[in-house]
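Residues per chain are reported as follows:
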Amino acid sequence: VLVGAGHAHIEVLRRFGLQTVPGVRLTLVTKGACTPYSGMLPGYVAGHYTGDEIHIPVAPLAGFANCRLVTAEAVGLEPVDRHVHLQDGGTIAGDVISIDTGATTNLSSASQFEPYVIPVKPIDRFAENWAHFAKRIRTNPGLQITVVGAGAAGVELALSIRHRLRRDLSAGGKSIGGRVVLLEKGDQILRGFSDGVRRRLSAILLRHNIEVRTNVGKLGFQAEADAGIQFDLGQFDATFWTTGVCPTDWLKKSGLAVDEDGFIAVNSQLQSISHPGVFAAGDAAGMIASPRPKAGVIAVRQGPILAENLRRAVTGDPLRSFVPQKSWLSLISTGDRYAVASYGNWAAEGRWVWYWKNWIDRRFVRRFMFEASETKRFPVNSE
Ligand SMILES: Cc1cc2nc3c(=O)[nH]c(=O)nc-3n(C[C@H](O)[C@H](O)[C@H](O)COP(=O)(O)OP(=O)(O)OC[C@H]3O[C@@H](n4cnc5c(N)ncnc54)[C@H](O)[C@@H]3O)c2cc1C
């Protein structure tokens with residue numbers, strides 16, 4: 001039973017479709033009819049991609065893999081009996097369970113004003129929230145927006161929002177107004193990136209008139225009359241929250257062993273260290289032997305090994321190890337079909353970087369686009 005159509009599980013489905021395992025019945029439990037691809041989310045916000053272009057429809061992919069699809073939200077897991085509980089009260093049992101349900105935005109420092117902020121995760125909900133918010137842009141030239149968290153996602157989001165404001169307002173004949181503020185509690189943006197990348201993106205943020213505030217203390221609403229508040233969110237029309245992620249509640253309560261941040265603790269075979277019948281990948285998992293930051297690229301790389309190990313878990317063959325890279329290529333888009341590339345200490349920027357990213361992202365999504373007919377067992381665009 002696969003839970004969640006995350007980046008690793010879509011590859012599992014593709015591989016099971018390419019090579020079936022006799023006697024194995026695959027079931028996918030996932031929340032929505034489509035699963036979003038996060039790498040293209042900033043481009044969706046900027047207006048370069050439609051909602052359909054950044055989503056992979058799950059049913060044709062499940063059909064390709066001969067996988068039963070249950071469109072439902074998992075709300076509980078009994079790892080000993082390997083039962084998954086669904087929101088509608090149903091239960092699904094499996095011999096082997098694999099979890100790739102992602103993570104959720106950590107709102108612990110925003111708990112009092114949670115109803116007023118738009119978390120960037122889960123991405124499916126964010127995409128809906130953005131579609132709703134974007135309608136306000138043309139009629140409100142003076143929108144004041146803040147993005148909390150200046151990691152790669154926050155920087156990309158702030159720049160994408162700025163581009164969208166400019167694009168939609170000039171299309172409506174209005175002069176470019178509005179204000180975009182990027183808030184960071186640390187003393188610098190893009191922690192974990194090289195100085196070169198930080199320098200390039202700082203200059204780009206400045207060029208696009210985005211106010212960057214570092215060392216920002218307690219956030220809140222002055223209207224609450226809380227003397228301790230150092231930055232008033234009340235002056236903004238929208239606050240987007242992109243600080244780190246945390247595990248989802250139902251997984252925390254499952255009884256599976258977790259890492260120090262509460263994510264499912266897995267060994268290098270992507271298997272729960274407490275319950276060998278449960279596997280986990282993507283943001284939901286914490287790799288005990290080789291911890292890495294939460295990133296889609298890790299989930300994508302885990303896909304082939306996870307597929308192989310799920311196969312081996314049923315056939316009884318020895319499992320394979322996933323060896324994560326120490327560094328990987330990041331392509332950070334800046335809203336205006338321009339991007340910055342980062343790999344270790346190497347950095348580059350230009351329109352060509354955006355077109356390179358666009359090519360990689362579109363090719364990735366195309367790999368999982370299948371004909372709706374279950375009988376046609378070929379990708380629409382086979383690479
Ligand atoms: C703006 C932004 C840009 C980013 N850009 C990049 C990038 O360029 N490169 C990069 O490497 N990383 C990027 N990331 C990080 C990336 O989004 C995550 O690391 C990645 O999505 C994790 O993939 P996943 O497989 O763990 O889960 P997800 O992609 O989050 O997928 C989880 C799936 O499980 C389903 N699901 C969730 N809960 C349940 C449930 N209870 N029951 C059933 N189904 C469920 C969801 O509907 C979804 O289909 C970005 C993040 C953001 C916010």
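Here we come to the overall build of the protein. Tallying secondary structure elements over the protein gives nine helices and 24 strands in all. With respect to the three principal axes, the spread of C-alpha positions in the protein is 65 × 45 × 45 Å. Going through the 383 residues of the protein one by one, you find that 52% of them count as buried. In the protein, the proportion of contacts linking residues at least 24 apart, taken out of those at least 6 apart, comes to 64%. Within the structure as shown, the protein displays about 17300 Å² of accessible surface, and the carbon and sulfur contribution to it stands at 49%. Computed over 43 positive and 35 negative side-chain charges, the separation of the two mean positions in the protein equals 6 Å.

The terminal C-alpha atoms of helix α6 (residues 195-207) lie 18 Å apart, and with 13 residues this matches the ideal 18 Å at 1.5 Å per residue to within 8%. For α6, the complete set of buried residues consists of G196, V197, R198, L201, I204 and L205. Contacts from the buried residues of α6 go to α5 (152-171), β13 (179-183), β14 (210-213), β22 (330-333), β23 (339-343) and β24 (346-350). Just downstream of α6, N209 is the residue with a positive phi angle, here 60°.

This next bit is on helix α1 (residues 7-18). Structural remark: α-helix, 3.6 residues per turn; residues separated by three or four positions point the same way. The end-to-end C-alpha distance of α1, which contains twelve residues, comes to 17 Å, matching closely the 16 Å that a straight helix rising 1.5 Å per residue would cover. With respect to burial, α1 is a largely interior element, ten of its twelve residues being buried. Within the span of α1, buried status applies to H7, A8, H9, I10, E11, V12, L13, R14, F16 and G17.

As a further point, take the state of the cysteines. Applying the stated criterion across every chain yields a total of zero disulfides. The cysteine C34 is free of any disulfide, with C67 supplying the nearest cysteine sulfur at 16 Å. Its relative accessible area of 35% is what places C34 among the partly exposed residues.

Before going further, it helps to examine the pairing of strand β17 (residues 238-241). Burial along β17 is two-sided: the face carrying A238 and F240 and the face carrying T239 and W241 are both buried. Here three bridges tie strand β11 (residues 117-119) to β17, and the two strands are oriented parallel to one another. Bridge pairing links P119 to W241 in β17. In the sheet, strand β12 (residues 144-148) pairs with β17 via four bridges, with the strands oriented parallel. Paired with T146 across the strands is T239, a residue of β17.

This next bit is on the pattern of salt bridges. Here the structure, examined in full by the defined rule, presents 13 salt bridges. Residue D283 is joined to K121 by a salt bridge in which the shortest nitrogen-to-oxygen separation is 3.1 Å. One end of the pair, D283, is in the loop between β20 (278-280) and β21 (285-287); the other, K121, is in the loop between β11 and α4 (123-134), and 162 residues separate them in sequence. Taking the relative accessible area as the measure of exposure, D283 reaches 11% and is therefore buried. For D249, the salt bridge identified is with K252, shortest N-O distance 3.4 Å. Remark: K252 and D249 occur in helix α7 (residues 249-252); sequence separation between them is three residues, near one turn of the helix. Under the relative-accessibility criterion, K252 is labelled partly exposed at 44%. If you follow the salt bridges from partner to partner, you end up with E11, R14 and R15 in one network.

Cut-off values and rules
Residues numbered from 1 in each chain as written. Predicted model: local features only at pLDDT ≥ 70, side-chain atom pairs only at ≥ 80, totals over all residues. Heavy atoms only, no water. Helix = DSSP H or I, 4+ residues; strand = E, 2+ residues; numbered from the N terminus. Buried < 20%, exposed > 50% of the residue type's maximum accessible area, 1.4 Å probe, protein only. Contact = heavy atoms within 4.5 Å. Areas by Shrake-Rupley, 256 points an atom, 1.4 Å probe, with all protein chains shown as cover. Lys, Arg positive; Asp, Glu negative; His and termini not counted. Charge placed at Lys NZ, Arg CZ, Asp CG, Glu CD. Expected span 1.5 Å × (residues − 1). Disulfide = S-S within 2.5 Å. Pairing = 2+ DSSP bridges. Salt bridge = Lys/Arg side-chain N within 4 Å of Asp/Glu carboxyl O.

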